[in-house]
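Fold and contact review
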Amino acid sequence: MRVIRPALSRRTVLRGAGAAMALPFLEAMMPSAKAADLASRPKRLQVFYSPNGMTMPDFLPTATGADYVLPSSLQPLAPHREQIAVISGLGHPQAAAMGDRPAGHGRSCPAFLTGAHAKQTEGPDIRAGVSMDQVFAQHLGDATPLASLELGIDTASLLGSCDINYSCAYTNGISWLTPTVPLPVEANPRAVFERLFGDGDTDEAGRLAQLRRQSSILDFVMDDTRRLSGQLGMEDKRKLDEYLDATRAIEKRIQRSASSPATTQAANLQQPAGIPDDFAEHVKLMIDLQVLAMQADITRVGTFMIGRELSNRTYPEIGVPDSHHMLSHHGNNPDKMAQLAKINRYHMEFFAYYLQKMKDTRDGDASLLDRTLVIRGSAFGDSNEHDYMDLPVIVAGGLVKGGRHTRVEKGTTMSNLMLAGLQTLGVPTTKFGDSTGPLRELADA
């Protein structure tokens, strides 16, 4: 007589001293292989944000439909053409001044995921709206250990004003838990790793000592890993091995950063923006952590800012020694526009890396990308004009129809796309921000 084992809980973790590791999706977590079980696999939302707008001629396809040509800024996405849809014409009417002082960044950035008009203030009385990602996180409730994960590359600006009469809180991040509570962006990969896998039994000094010894979290959960492995089939063992290998690889990269001169000489052991010293390594490490968190179902909601709004980062590694923000106000100078286009394309290369990581990461018999809605955008289209009414928006993933460029009527609020996205993710809502109805083109794009 065949013994049928009960399904393994998706909340199963590997435990050891000072560590707790969630598991990737395994076949053992499914009570059967019925279609209903496959359809019940979780949906996810990821948002990738670039600051300071775009050079739109290098981003916007000239033709609509499936036969459009990828402009130069989109060419890094060529391998993912069938998984992406470019939607042009969307904007944020709530980013208009409406009688307030002219300060494009301070209003457009908080409107990006909220569809709300930000209150003009430099003080603590900030107000915008609940962001799309947090609406979805609240819908999921306690389905995952972490409601959401807000990652980025730049640490927060100092308190005070970062744009004319607008608090830095408006440009430091894009996620808003409530209309008055923006969520902080974490730029330190070591802190993110500890948040994902430390269970609080080990203090900061102990965890730092562990990193310096080059030991691994996997060493602490090895006994539990062996116990679980004995209960799994061959395919699940392979998936578990891939997950553990990815975790160890990320650990090693963090350990190298922790032992760099910039880190070990810092008295307070805090990573400044740009650690790892190499920008590309920092970005890829943060993306890998975001994907690992989804793979282990630690969270299903994530945002990633490749730069803080108003970022003045320079990119000498691609031949751009001038400030990003200053180049965004190019005054139609061809040389400055060419440099800005290089930055835009560089950022798009990392978005392509993001999509590839999700595509390469298995989730049951599919990939993470197949069950994820991905939104990529900026708070401006033409940055020189602070144009918030024609945004550079890309949607991707298996939850939407890709391979096309769709142009909607100019002036259509991006809140309509976010409303349609929430409905695609299973959120029972008919209103978001200043929406006038779900964007039909999200499904048709």
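Structure's up top.
Quantities reported herein were computed from a predicted structural model and do not represent experimental measurements. (Residues numbered from 1 in each chain as written. Predicted model: local features only at pLDDT ≥ 70, side-chain atom pairs only at ≥ 80, totals over all residues. Heavy atoms only, no water.)

**Considerations on the state of the cysteines**
The tally for this structure, following the rule as stated, stands at 1 disulfide. The disulfide partner of Cys 162 is Cys 168, and the S-S distance across this bridge is 1.9 Å. Since a negative S-S torsion denotes a left-handed disulfide, the Cys 162-Cys 168 link at about 90° is right-handed. Residue Cys 162 is classed as partly exposed on the basis of its relative accessible area, which comes to 27%. By relative accessible area, which is 4% here, Cys 168 ends up buried. (Disulfide = S-S within 2.5 Å. Buried < 20%, exposed > 50% of the residue type's maximum accessible area, 1.4 Å probe, protein only.)

**Some details on the environment of Asn 344**
Along the chain, the position of Asn 344 falls in helix H13 (residues 334-360). A residue is classified by how much of its surface remains accessible, and Asn 344, at 2% relative accessible area, is buried. Each C-alpha atom, one on Asn 344 and one on Asp 58, is 8.8 Å from the other, the two residues being 286 residues apart in sequence. Those residues in contact with Asn 344 that sit more than four places away from it in its chain are Gly 53, Met 54, Thr 55 and Ser 73. (Helix = DSSP H or I, 4+ residues; strand = E, 2+ residues; numbered from the N terminus. Contact = heavy atoms within 4.5 Å.)

**Notes on helix H14 (residues 414-424)**
With 9 of its 11 residues buried, H14 lies for the most part within the structure. Of all the residues in H14, the buried ones are Met 414, Ser 415, Asn 416, Leu 417, Met 418, Leu 419, Ala 420, Gly 421 and Leu 422. For H14, the N-terminal capping position is held by Thr 413, with its side-chain oxygen 3.1 Å away from the main-chain nitrogen of Ser 415. Trailing H14 by a residue or two, Gly 426 shows a phi angle of about 95°, which is positive. (Polar contact = N/O pair within 3.5 Å; in protein donor to acceptor, adjacent residues only side chain to side chain.)

**Some remarks on the packing of helix H5 (residues 189-197) against helix H11 (residues 279-295)**
Two elements in contact, H5 and H11, have axes separated by 10 Å at closest approach and are oriented at 10°. As summarised for this structure, H5 and H11 are arranged roughly parallel, according to the angle between their axes. Counting all contacts with H5, which are made through Pro 189, Val 192, Phe 193, Leu 196 and Phe 197, the residues of H11 involved are His 282, Leu 285, Met 286, Leu 289, Leu 292 and Ala 293. The residue makeup of the contact of H5 with H11, split by class, is 10 nonpolar, 1 polar and no charged. (Axes fitted to C-alpha atoms, helices over the stretch in contact; angles between N-to-C directions. Parallel < 35°, antiparallel > 145°, perpendicular 65-115°, else oblique. Nonpolar A, V, L, I, M, F, W, Y, C, P; charged D, E, K, R; others polar.)

**Topic: the environment of Gly 91**
With respect to the helices and strands, Gly 91 occurs in strand S4 (residues 84-91). The class for Gly 91 is buried, based on a relative accessible area of 0%. Once residues lying within four places of it in the same chain are set aside, the contact partners of Gly 91 are Tyr 388, Met 389, Asp 390, Leu 391, Thr 412, Thr 413 and Met 414.

**Some thoughts on unusual backbone geometry**
The phi torsion at Asp 297 lies on the positive side, around 55°, for a residue other than glycine. For Asp 297, the position within the fold is in the loop between H11 and strand S10 (301-305). Of the residues examined, Asp 297 reaches a relative accessible area of 5% and is grouped as buried.

**So, the pattern of salt bridges**
All chains considered together, the criterion is met by 6 salt bridges. Taking the shortest distance from any N to any O, the salt bridge between Asp 125 and Lys 119 comes out at 2.9 Å. For Asp 125, a relative accessible area of 37% gives the class partly exposed. Residue Glu 441 is joined to Arg 440 by a salt bridge in which the shortest nitrogen-to-oxygen separation is 3.4 Å. Judged by relative accessible area, which is 17%, Glu 441 ranks as buried. (Salt bridge = Lys/Arg side-chain N within 4 Å of Asp/Glu carboxyl O.)

**A word on the pairing of S10**
Counting buried residues in S10 gives 5 out of 5 residues, a clear majority hidden from the surface. On S10, burial covers both faces: Val 301, Thr 303 and Met 305 on one face and Gly 302 and Phe 304 on the other are all buried. The sheet contact formed by strand S3 (residues 44-49) and S10 spans 5 bridges and is parallel. Within the sheet, the bridge partner assigned to Tyr 49 lies in S10 and is Met 305. The pairing of strand S5 (residues 149-152) with S10 spans 4 bridges and is parallel. In the sheet register, Leu 149 faces S10, and the bridge partner there is Gly 302. (Pairing = 2+ DSSP bridges.)

**Digging into the sheet that holds S10**
Here 7 strands make up an open sheet; going across it, the order is S5-S10-S3-S13-S14-S4-S15 and the pairing mixed. The sheet is open, and its two borders are formed by S5 and strand S15 (404-413), each paired with just one other strand. Neighbour-to-neighbour, the strand axes of this sheet turn through a mean angle of 20°, independent of strand direction. Bridging between S4 and S15 involves 6 bridges; their strand directions are parallel. Bridging from a neighbouring strand, Val 86 pairs with His 405 of S15. Most of the contacts of H13 go to strand S13 (residues 372-377), to which it runs at about 175°, and overall it touches S3, S4, S10, S13 and strand S14 (393-396).

Note that all results are geometric; they support no functional claim without further evidence.
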